[in-house]
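Listed below are the residues making up each chain.
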Amino acid sequence: MGNDALTLKDYLPLISVVIGGLLVAIGGFASNTWLEIARERKSRRTLALALQGEIQALLEIFEKRGYIEGIRAAKAQTEATGKFQAYHFRARKNYFSVFEAHVGQVGILRLPLSELVTRFYAQANSILEDMERFEKLDPASVDPLAAIADYDEVLSLFEDTVAIGKQIVQLVSRRYARVPF
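Criteria and thresholds
Residues numbered from 1 in each chain as written. Predicted model: local features only at pLDDT ≥ 70, side-chain atom pairs only at ≥ 80, totals over all residues. Heavy atoms only, no water. Helix = DSSP H or I, 4+ residues; strand = E, 2+ residues; numbered from the N terminus. Rg over C-alpha atoms; globule rule 2.2 N^0.38 Å. Buried < 20%, exposed > 50% of the residue type's maximum accessible area, 1.4 Å probe, protein only. Contact = heavy atoms within 4.5 Å. Areas by Shrake-Rupley, 256 points an atom, 1.4 Å probe, with all protein chains shown as cover. Lys, Arg positive; Asp, Glu negative; His and termini not counted. Charge placed at Lys NZ, Arg CZ, Asp CG, Glu CD. Core = buried A, V, L, I, M, F, W, Y, C linked by side-chain atoms within 4.5 Å. Salt bridge = Lys/Arg side-chain N within 4 Å of Asp/Glu carboxyl O. Patch = residues over 30% accessible without salt bridge, like charges linked within 9 Å, V, L, I, M, F, W, Y side chains within 5 Å.

Caption draft 1: Main features of the overall build of the protein chain. Secondary structure summary: the protein chain contains 5 helices and 0 strands in total. Of the regular secondary structure in the protein chain, the N- to C-terminal order runs α-α-α-α-α. Its C-alpha atoms give the protein chain a radius of gyration of 30 Å, more than 25% over the compact-globule value 16 Å for 181 residues. The dimensions of the protein chain, computed from C-alpha atoms along their principal axes, are 115 × 30 × 25 Å. Each of the 181 residues in the protein chain was classed as buried or not, and the buried ones make up 30%. For the protein chain, long-range pairs separated by at least 24 residues make up 83% of all intrachain contacts whose partners lie at least 6 apart in sequence. Split by element, the accessible area of the protein chain, about 11800 Å² in all, is 58% carbon and sulfur. Across the protein chain, the 22 positively charged side chains and the 22 negatively charged ones have centroids separated by 8 Å.

Here you go:
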C-alpha cells in the first residue's frame, strides 16, 4: 500500500467550506432575526403613537365639551330638585377608528400598555352605551334616586377612563416618543 493516509492538510479545503457555510447560515439567521426584531419594534412604536394620538384627542374632546362637568351638574340638579335632570351627549361618528382598525395588534404592545389600552376602550364604549340609555329615558318615569346612583356610576367610570387615558399618554411618551424609527 502506498501513502493512503490523509493528513489534516488534505481536509483544510473541506473544513473551510463547512466553516464558511456555517458562518453564512449563522449570519443569515442573525440578520433575519435582527430585521424581524426591528420590524416588530417599529410596528409597536407606530401603533402606540397612533393610539396615543387618538386617546389624547378623546381626552381633549371630553375636557373641551365638559362631559364630566355636565354629568355632575345633572346629578346635582337631580339631588337639589328631587326630579330627574337629563344629561346626555351623542357620539354619532366613530371616534375609535384607530383602535378598531388595529384591535388585533394591541397584543404586540408591552404590558401594561396593552392592558391599559384595552381597558380604556372597553370603558369608553360602556360610557357611550350608558349615555345612549340616558337619552332614551322618559324623564317623567325616572326615579331620581336611581338616576343619582346611575350618574355616580357613570361619573366613576368616566373619571377612571380619563385617568387611564392620561396614564397611556404618559407611558407612550416615556416609552416610545424619543426612540427613532
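Caption draft 2: Highlighting the environment of Q52. If you trace the backbone, Q52 turns up in helix α1 (residues 8-65). Exposure remark for Q52: the relative accessible area of 13% places this residue in the buried category. Spatially, the C-alpha atom of Q52 lies 9.8 Å from that of V98, the residues being 46 residues apart in sequence. Excluding residues that lie within four positions of it along the chain, Q52 makes contacts with V169, V172 and S173.

Caption draft 3: Local environment of the environment of D130. Residue placement: D130 occurs in helix α4 (residues 113-136). Not counting residues up to four positions away in its chain, the partners in contact with D130 are V154 and L157.

Caption draft 4: Representation of the nonpolar core. Grouped together as the largest cluster of nonpolar side chains are 40 residues, with contacts concentrated most on L113, V117, Y121, F158 and I168. Those elements that provide at least two residues to this core are α1, α2 (67-81), α4 and α5 (144-176). Of all the elements, α5 adds the most residues to this core, at 12 residues. Setting aside chain neighbours within four positions, we find I168 in contact with I55, L113, L116, V117 and F120.

Caption draft 5: Geometry of the pattern of salt bridges. The final tally for this structure, using the stated rule, is 7 salt bridges. A salt bridge links R72 to E159; its shortest N-O distance comes to 2.3 Å. Residue R72 is found in helix α2, and its partner E159 is found in helix α5; the two are separated by 87 residues along the sequence. The class of R72 is partly exposed, set by a relative accessible area of 40%. A relative accessible area of 33% means that E159 is categorised as partly exposed. When the shortest N-O distance is used, the salt bridge between D152 and K75 registers 2.6 Å. One end of the pair, D152, is in helix α5; the other, K75, is in helix α2, with 77 residues separating them in the sequence.

Caption draft 6: Representation of unusual backbone geometry in the model. Residue P112 is reached from L111 by a cis peptide bond, and omega for that bond is 5°. With respect to the helices and strands, P112 occurs in the loop between α3 (97-102) and α4.

Caption draft 7: Structural detail: a nonpolar patch on the surface. The grouping of L8, Y11, L12, L14, I15, V18, I19, L22, L23 and I26 at the surface amounts to a nonpolar patch, some 980 Å² of accessible area in total. Within the secondary structure layout, I19 lies in helix α1. With a relative accessible area of 47%, I19 lands in the partly exposed category.

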